[in-house]
Amino acid sequence: MDTFTLEEIARAKSSVPTAIAHFLESDDFKKEIFAISKLHTLNLQGIAELSDIVTHIVLGLTPQHKFADHIQSSHMHLSSEGQRALISEVDAKIFSEIKRRLQSTVVQETERE
């Protein structure tokens, strides 16, 4: 997993749309991470890793195509099937919400013009 300084993360957060930055800091994001982690019986380290991996991808610090690689090389101790299921859950519950919020932001900005 890539590591980033707090300064790099803060800089990346300031460059994403406000709706996305707010989502990453929201209770909704935390609840989804915890729900997915509980479903896959991740320990505390696994929860933190999952949160970091997803956050880094959403902020553009890590390319999305590396998501599966980072899950596989993590310390989550998941089988191949478990990794695929976790990736699917994150896609369905978190990345889809990010896409929805981005689309909503684009629509709102278009309506203002």
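Residues numbered from 1 in each chain as written. Predicted model: local features only at pLDDT ≥ 70, side-chain atom pairs only at ≥ 80, totals over all residues. Heavy atoms only, no water.

Some thoughts on the packing of helix α3 (residues 27–39) against helix α4 (residues 44–58)
Interhelical geometry of α3 versus α4 gives an angle of 130° and a closest axis separation of 10 Å. With respect to α4, the element α3 is oriented oblique. Crossing handedness for the pair α3 and α4: right-handed. Between α3 and α4, the residues in contact are F29, I33, F34, I36 and S37 and I47, L50, S51, V54 and T55, respectively. Broken down by class, the residue content of the contact of α3 with α4 amounts to seven nonpolar, three polar and no charged. (Axes fitted to C-alpha atoms, helices over the stretch in contact; angles between N-to-C directions. Helix = DSSP H or I, 4+ residues; strand = E, 2+ residues; numbered from the N terminus. Parallel < 35°, antiparallel > 145°, perpendicular 65-115°, else oblique. Left-handed = near helix turned anticlockwise from the far one by under 90°. Contact = heavy atoms within 4.5 Å. Nonpolar A, V, L, I, M, F, W, Y, C, P; charged D, E, K, R; others polar.)

Observations concerning the nonpolar core
In terms of nonpolar packing, the biggest core is built from 28 residues, with L50, V54, F67, L86, V90 and I94 touching the most fellow members. Elements with a minimum of two residues in this core: α1 (6–15), α2 (18–24), α3, α4, α5 (67–72) and α6 (80–112). (Core = buried A, V, L, I, M, F, W, Y, C linked by side-chain atoms within 4.5 Å. Buried < 20%, exposed > 50% of the residue type's maximum accessible area, 1.4 Å probe, protein only.)

What about the side chain of T55?
With respect to the element layout, T55 can be found in helix α4. Dropping the residues within four chain positions of it, T55 is found in contact with L24 and F29.

Examining the packing of aromatic side chains
Applying the stated criterion across every chain, the model contains two aromatic pairs. Geometrically, the ring pair formed by F23 and F29 is edge-to-face, given 5.7 Å between the ring centres and 70° between the ring planes. The pair F23 / F29 is uniform in exposure class, with both members buried. Ring geometry for F67 and F95: centres 5.3 Å apart, planes at 75°, overall edge-to-face. (Phe/Tyr/Trp six-rings, centres within 6.5 Å; stacked < 30°, edge-to-face > 60°.)

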